[in-house]
Amino acid sequence: TRLQAKSEDNLKGAFRQLDSNGIGGIDKKTMMALFLVLNEDCDDVRRIPQEKAELLFAILDKDGSSQIEEDEFMSFCDVLLLEFEEASAYKTMIESCCPKMYTSSWFKNFRNAVKSDRFEL
């Protein structure tokens, strides 16, 4: 579909930006920085601890070149997109059964209070 083609074009553009030297691959240092940014800025993607990031890089680097080539990068992004879609599709029982209550201002305030640090013991 058009959306898939546009998404693929965006991912290829992201690869070109991460491949700042234009050598056709993203080095380990750049990928580790990408994992750090995902951890800090993307709440919808599961956190990737440093040791798992190292392992993930080794798995992604299928040919052992110490670089992530475009096809390897696209495979990685497919996994991230799947995880993001699964997180986005999740609805709570209240959201599904009582949408008016879920969108009410008092319930939004309640949700924010429960999610805040003040709610932790």
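Computed from a prediction, not measured in an experiment: that's the story for all the values here. (Residues numbered from 1 in each chain as written. Predicted model: local features only at pLDDT ≥ 70, side-chain atom pairs only at ≥ 80, totals over all residues. Heavy atoms only, no water.)

Draft legend 1. Highlighting the nonpolar core. Ranked by size, the top nonpolar core spans 17 residues in total, and within it Ile26, Met31, Leu34, Phe35, Ile68, Phe73 and Phe76 carry the most contacts. Here this core gets 5 residues from one element, more than from any other, and that element is helix H2 (residues 28-41). (Core = buried A, V, L, I, M, F, W, Y, C linked by side-chain atoms within 4.5 Å. Buried < 20%, exposed > 50% of the residue type's maximum accessible area, 1.4 Å probe, protein only. Helix = DSSP H or I, 4+ residues; strand = E, 2+ residues; numbered from the N terminus.)

Draft legend 2. Structural detail: the confidence of the model for the protein. For the protein, the average pLDDT comes to 78, and 81% of its residues sit at 70 or higher. Across residues 83-88 the pLDDT falls below 50, and counting only partners more than four positions away or on other chains, this stretch makes 4 contacts in the model. (pLDDT = per-residue confidence, 0-100. Contact = heavy atoms within 4.5 Å.)

Draft legend 3. Broad picture of the pattern of salt bridges. The full count for this structure, using the stated rule, is 2 salt bridges. Its salt-bridge partner being Lys12, residue Glu8 comes within 3.3 Å of it at the nearest N-O pair. Of this pair, Glu8 and Lys12 both sit in helix H1 (residues 2-18), 4 residues apart, roughly one helical turn. Overall, the relative accessible area of 28% leaves Lys12 in the partly exposed class. A salt bridge links Glu54 to Lys28, with the shortest nitrogen-to-oxygen separation between them at 2.6 Å. A residue pair is termed long-range when its members are at least 10 positions apart, and Glu54 in helix H3 (residues 50-60) and Lys28 in helix H2 qualify at 26 residues. For Glu54, a relative accessible area of 31% corresponds to the partly exposed category. (Salt bridge = Lys/Arg side-chain N within 4 Å of Asp/Glu carboxyl O.)

Draft legend 4. Quick peek at H2. In this model H2 runs 20 Å from its N-terminal to its C-terminal C-alpha over 14 residues, within 8% of the 20 Å that 1.5 Å per residue would give. Burial in H2 covers these residues: Met31, Met32, Leu34, Phe35 and Leu38. End-on, the buried residues of H2 take up no more than an arc of 155°, which puts them together on one face. Seen from the buried face of H2, the exposed residues on the opposite side, beyond 90 degrees, are Lys29, Glu40 and Asp41. (Expected span 1.5 Å × (residues − 1). Arc of directions from axis to C-beta.)

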